[in-house]
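# Observations on the three-dimensional arrangement
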Amino acid sequence: MTTTMEQPLYDLAPVIELMTLGLLIALLPLAWVWFKNRGAGPLRRVQALTVLTLFLTFDLVMFGAFTRLTDSGLGCPDWPGCYGSASPVGAHTEISAAQSAMPTGPVTHSKAWVEMIHRYLATGVGVLIIVLTISAWLRWRQARRAGASAERPLNPWWPTVTLVWVCLQGAFGALTVTMKLFPAIVTLHLLGGLVLLVLLCAQAVRHTYILQGRQRVPLRRGLRWLLGATALLVGLQAALGGWVSTNYAVLACTTFPQCQGGWWPAMDFGQGFTLWRPLGQMPDGSLIGFAALTAIHYLHRLAAYAVVALLLVLAWRLHRAGVLRDQARWLVGLTLLQFVTGLSNVVLDWPLAAAVLHTGGAGALVVVLTWALAASCRAPATVAASQGAARMASQVSA
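The structure contained in this document is the topic of the report that follows. (Residues numbered from 1 in each chain as written. Predicted model: local features only at pLDDT ≥ 70, side-chain atom pairs only at ≥ 80, totals over all residues. Heavy atoms only, no water.)

As a further point, take the overall build of the protein. Looking only at helices and strands, one finds twelve helices and four strands in the protein. Of all intrachain contacts in the protein linking residues separated by at least 6 positions in sequence, the fraction that spans at least 24 positions is 78%. Here the protein has roughly 19,700 Å² of accessible surface; of this, 69% comes from carbon and sulfur atoms. (Helix = DSSP H or I, 4+ residues; strand = E, 2+ residues; numbered from the N terminus. Contact = heavy atoms within 4.5 Å. Areas by Shrake-Rupley, 256 points an atom, 1.4 Å probe, with all protein chains shown as cover.)

Rendered as structure tokens:
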């Protein structure tokens, strides 16, 4: 199968060059971690590299949103390179021809650079995760040889699963291009990035706690359940938000709190949530209706009310219990950010900065909730009872 310009969808010629470039990109954070922790032990270096990889992955998710929102996802119509070249420089002739034919089309010089920079950054993050995986297995092997006297390392299967997942992300990135921004594939690619943040954040928290000799915070059963339920619903809301964005349904409602002059506009949920279809079309080739786009947008908005309320309740419960207060403050701040950026997308005609920040806010919420889950555990019955007694005593004294 080829594009209209007879360009193969998969051209593996530039793979070696791209891998080399990814290695060079990864050398900078690797050198920084080594320099900053040159007198520290291996656990400290692994912890620092994990935190830095988490930060760079978050940046990658943000840049992926920028790539999608600037319509640069097809800036290079093949994968993994650009017209069989490792950079848009080598594809200058082909890009110029495509841009001349369609000056505002999917292939322009600026869009090609945005798309390829996204691929370069993704390759660099992949190299860092490979280093984390190799380091984890080496430390685990050394610990086994040393026996009981060795420091217990984090289970090496955590970074191994992360490595497998980032490879799947690469596959979804390829499908995003070769399947021409198929909404289900693009949404799954976004969710895959959020899962990658979860995996890296969990490892970063565990490394930090092991390094500092800290224990996880015990939470009462109800609060622990509320934390897990909130994390799950935020993930579902992120999926709905991705579905809105990948179907370009943000401007189906341009007023707030009403939509199209009413509280329940005309909506077609059947069309809107037919998941396996091309962009802007139904499986039979007919164009998707405006009522379907309205349904996609409005369901995300309705779900947002419940998620915002749940996030604020969770933050209040954590603060009231006197636990995970840093996470609680972050949850309040990020919830307000999501409300402001989501509202801006609707009433300000989908500004690019607000749209990118809205995706970043969703990623940050996922990270903070993962941080809270990884830093806590379910309290034994005796601990829960003592926490309840202490809270009652404080209320009585107050």
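Right, let's talk about the state of the cysteines for a bit. What the rule picks out here adds up to two disulfides. Each sulfur of the disulfide joining Cys76 and Cys82 lies 2.1 Å from the other. Measuring handedness by torsion sign, the sulfur bridge of Cys76 and Cys82 sits at about -85 degrees and is left-handed. Side by side, Cys76 and Cys82 carry an identical accessibility label, which is buried. Note that Cys253 is cross-linked by a disulfide to Cys259, the S-S spacing being 1.8 Å. Torsion about the S-S bond of the Cys253 and Cys259 cystine: about -70 degrees, corresponding to left-handed handedness. The disulfide pattern of the protein is 1-2, 3-4 when the bonded cysteines are numbered in sequence order. With no disulfide of its own, Cys201 lies 16 Å from the sulfur of Cys377, the closest cysteine sulfur. (Disulfide = S-S within 2.5 Å. Buried < 20%, exposed > 50% of the residue type's maximum accessible area, 1.4 Å probe, protein only.)

Between the first and last C-alpha of helix α2 (residues 42-69) there are 40 Å, a value that for 28 residues agrees with the 40 Å anticipated at 1.5 Å per step. Positive backbone phi, approximately 55 degrees, marks Asp71, located one or two places after α2. (Expected span 1.5 Å × (residues − 1).)

Attention now goes to the pattern of salt bridges. Evaluation of the coordinates by the stated rule reveals two salt bridges. Measuring nitrogen to oxygen at the nearest pair gives 2.8 Å for the salt bridge that ties Arg119 to Glu115. You can see Arg119 and its partner Glu115 sitting in helix α4 (residues 109-146), four residues apart, about one turn around the helix. What makes Arg119 buried here is its relative accessible area of 9%. Across the pair Asp326 and Arg329 runs a salt bridge, and its minimum N-O distance is 2.6 Å. Here the residue Asp326 and the residue Arg329 both occupy positions in helix α10 (residues 325-347), the gap between them amounting to three residues, near one helical turn. (Salt bridge = Lys/Arg side-chain N within 4 Å of Asp/Glu carboxyl O.)

Along the polypeptide, Gly22 turns up in helix α1 (residues 15-36). Between the C-alpha atom of Gly22 and that of Tyr120, which follows or precedes it by 98 residues, the distance is 5.9 Å. Not counting residues within four places of it along the chain, the set of residues in contact with Gly22 comprises Thr123, Gly124 and Val127.

Another aspect to go through is a nonpolar patch on the surface. Together, Phe256, Trp263, Trp264, Phe269, Leu299, Leu302, Tyr305, Phe339, Val340, Val347 and Leu348 make up an exposed nonpolar region whose accessible area comes to about 1,100 Å². When residues of the nonpolar patch are traced back to their parent elements, those giving at least two are α9 (290-321) and α10. Tracing the sequence through the fold places Phe269 in helix α8 (residues 269-272). Its relative accessible area of 35% is what places Phe269 among the partly exposed residues. (Patch = residues over 30% accessible without salt bridge, like charges linked within 9 Å, V, L, I, M, F, W, Y side chains within 5 Å.)

Between Trp79 and Pro80 the backbone carries a cis peptide bond, its omega angle lying at 5 degrees. Among the secondary structure elements, Pro80 is positioned in strand β2 (residues 79-80). Cis geometry marks the peptide bond from Phe256 to Pro257; its omega dihedral reads 5 degrees. Mapped onto the elements, Pro257 comes out in the loop between α7 (221-246) and α8. Of note, the phi angle at Tyr248 is positive, near 55 degrees, even though the residue is not glycine. Position of Tyr248 among the secondary structure elements: in the loop between α7 and α8. Classification of Tyr248 as partly exposed rests on a relative accessible area of 32%. One non-glycine residue with positive phi stands out, namely Trp350, at about 60 degrees.

Attention now goes to the nonpolar core. The biggest cluster of nonpolar side chains holds 48 residues, and the ones touching the most others in it are Leu314, Leu318 and Leu331. Going through the elements one at a time, α1, α2, α4, α6 (183-212), α7, α9, α10 and α11 (352-374) are the ones with two or more residues in this core. Ranked by size, the runner-up nonpolar core spans 13 residues in total, among them Val244, Ala249, Val250 and Leu293. (Core = buried A, V, L, I, M, F, W, Y, C linked by side-chain atoms within 4.5 Å.)

This brings us to the packing of aromatic side chains. The final tally for this structure, using the stated rule, is eleven aromatic pairs. Here the aromatic rings of Phe182 and Trp276 are separated by 4.6 Å at their centres, their planes lie at 55 degrees, and the arrangement is tilted. Of this pair, Phe182 sits in the loop between α5 (157-178) and α6 while Trp276 is found in the loop between α8 and α9, placing the two residues 94 residues apart along the sequence. Classification of Phe182 as buried rests on a relative accessible area of 9%. By relative accessible area, Trp276 is classed as exposed at 53%. With centroids separated by 6.5 Å and ring planes inclined at 55 degrees, the aromatic side chains of Phe256 and Tyr305 adopt a geometry described as tilted. Here Phe256 is found in the loop between α7 and α8, whereas its partner Tyr305 is found in helix α9, with 49 residues between them in sequence. The partly exposed category is assigned to Tyr305, whose relative accessible area is 39%. Following the ring pairs from residue to residue traces out a cluster consisting of Trp264, Phe269, Phe273 and Tyr298. Lying across the ring of Phe35, Arg38 places its NZ or CZ 4.3 Å from the centre. (Phe/Tyr/Trp six-rings, centres within 6.5 Å; stacked < 30°, edge-to-face > 60°. Lys NZ or Arg CZ within 6 Å of the ring centre and 35° of its normal.)

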